[in-house]
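Residue-level structural notes
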Number of protein chains: 2
Amino acid sequence: MVERYLEDFAPGQVYVSGRLHVDRDRIKSFAREFDPQPFHLDEQAARGSTFEGLAASGWHTAAMTMRLLVASDLKPAGGLVGAGIDDLRWLYPVRPGDELRVASEVLDVQPSKSRPDQGVVKLKSTTSNQHGKPVQILTADLIVKRRPT
Amino acid sequence: MVERYLEDFAPGQVYVSGRLHVDRDRIKSFAREFDPQPFHLDEQAARGSTFEGLAASGWHTAAMTMRLLVASDLKPAGGLVGAGIDDLRWLYPVRPGDELRVASEVLDVQPSKSRPDQGVVKLKSTTSNQHGKPVQILTADLIVKRRPT
């Protein structure tokens with residue numbers, strides 16, 4: 001497996017993930033455990049809600065996005081470790097049967113001032129469905145190792 | 001169930017959740033599905049990692065936080081629906097056996113300019129372990145219905 005060090009990342013780079021299928025039963029079981037609200041649990045209740053139909057929990061979408069990022073070609077040295085999230089927006093409902101994909105753009109690369117062996121890569125990851133419609137935008141700071149000298 | 005409308009929220013209010021136990025096997029199974037990296041999957045591999053021991057995926061911590069928020073006394077009218085996340089930080093590893101709790105402070109309440117029937121509550125939710133150590137801070141904008149006139 002090729003690992004990328006801080007020096008391998010540069011603003012403007014784009015990494016595109018594979019696709020992930022969104023399963024109807026998994027939408028409901030994820031919601032039962034972590035986000036038990038009617039519009040994530042039951043088709044009938046969801047129809048009258050703000051989502052106008054069964055929709056995945058935003059946290060389920062975020063977790064599926066992480067799955068796609070881990071499996072993608074990003075492969076930062078030391079693993080995909082987030083220092084924090086600057087911004088996370090859910091733009092459009094994620095439905096049963098959707099096929100999600102993530103495109104990640106490197107916004108910024110900064111060596112750490114306090115830790116000479118690492119730095120931060122700011123990454124904007126747009127998760128889209130099979131119609132190319134963005135469902136989530138996530139801007140995250142990743143902690144990435146510098147190349148050993 | 002009492003529902004709170006936009007008019008029931010005010011800056012400075014604090015809502016405290018119940019507690020949630022963090023299960024060792026659930027840390028691993030969540031990671032297998034959504035964040036399959038060694039430090040979330042295997043004790044031995046985790047010891048040599050930046051987490052210095054098995055730790056929950058940050059997205060698992062976020063999902064457990066949502067569970068605690070949904071079950072808490074917040075109960076916004078129309079459900080707990082996030083317009084977006086302003087900031088999400090993971091401050092300290094979440095370990096097997098931890099007992100998580102969330103304290104949420106209302107930072108701001110704003111009626112919508114375009115939608116007379118709703119508004120936004122800005123909420124800062126601090127998730128802490130059984131030692132009172134903050135493990136995650138989440139600042140979110142919730143969409144909340146106004147009281148029908």
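The rules we used
- Residues numbered from 1 in each chain as written.
- Chains lettered and ligands numbered in written order.
- Predicted model: local features only at pLDDT ≥ 70, side-chain atom pairs only at ≥ 80, totals over all residues.
- Contact = placed C-beta atoms within 7 Å.
- Helix = DSSP H or I, 4+ residues; strand = E, 2+ residues; numbered from the N terminus.
- Nonpolar A, V, L, I, M, F, W, Y, C, P; charged D, E, K, R; others polar.
- Pairing = 2+ DSSP bridges.

1. What to know about the interface of chain A and chain B
- At the interface, 27 residues of chain A touch 27 residues of chain B.
- At the level of secondary structure, the elements contributing two or more residues to the side of chain A that touches chain B comprise α1 (24-34), α4 (58-71) and β2 (81-90) of chain A.
- In terms of residue count, β2(A) provides more of the side of chain A that touches chain B than any other element does, nine residues in total.
- For the side of chain A that touches chain B, the residue count by class is 14 nonpolar, seven polar and six charged.
- In the sheet, β2(A) pairs with strand β2 (residues 81-90) of chain B via four bridges, with the strands oriented antiparallel. By the bridge assignment for β2(B), Ile85(A) is matched with Leu88(B).

2. A closer look at the pairing of strand β3 (residues 99-111) of chain B
All names here are of chain B.
- Taken together, the six bridges between strand β1 (residues 14-21) and β3 define a ladder with antiparallel strand orientation. Bridge assignment links Val16 to a residue of β3, and that residue is Ala103.
- Judged from the 10 bridges that link them, β3 and strand β4 (residues 118-128) form a sheet pairing that is antiparallel. Paired with Val106 across the bridge in β4 is Leu123.
- Between β3 and β4, which pair antiparallel in sequence order, lie six residues.

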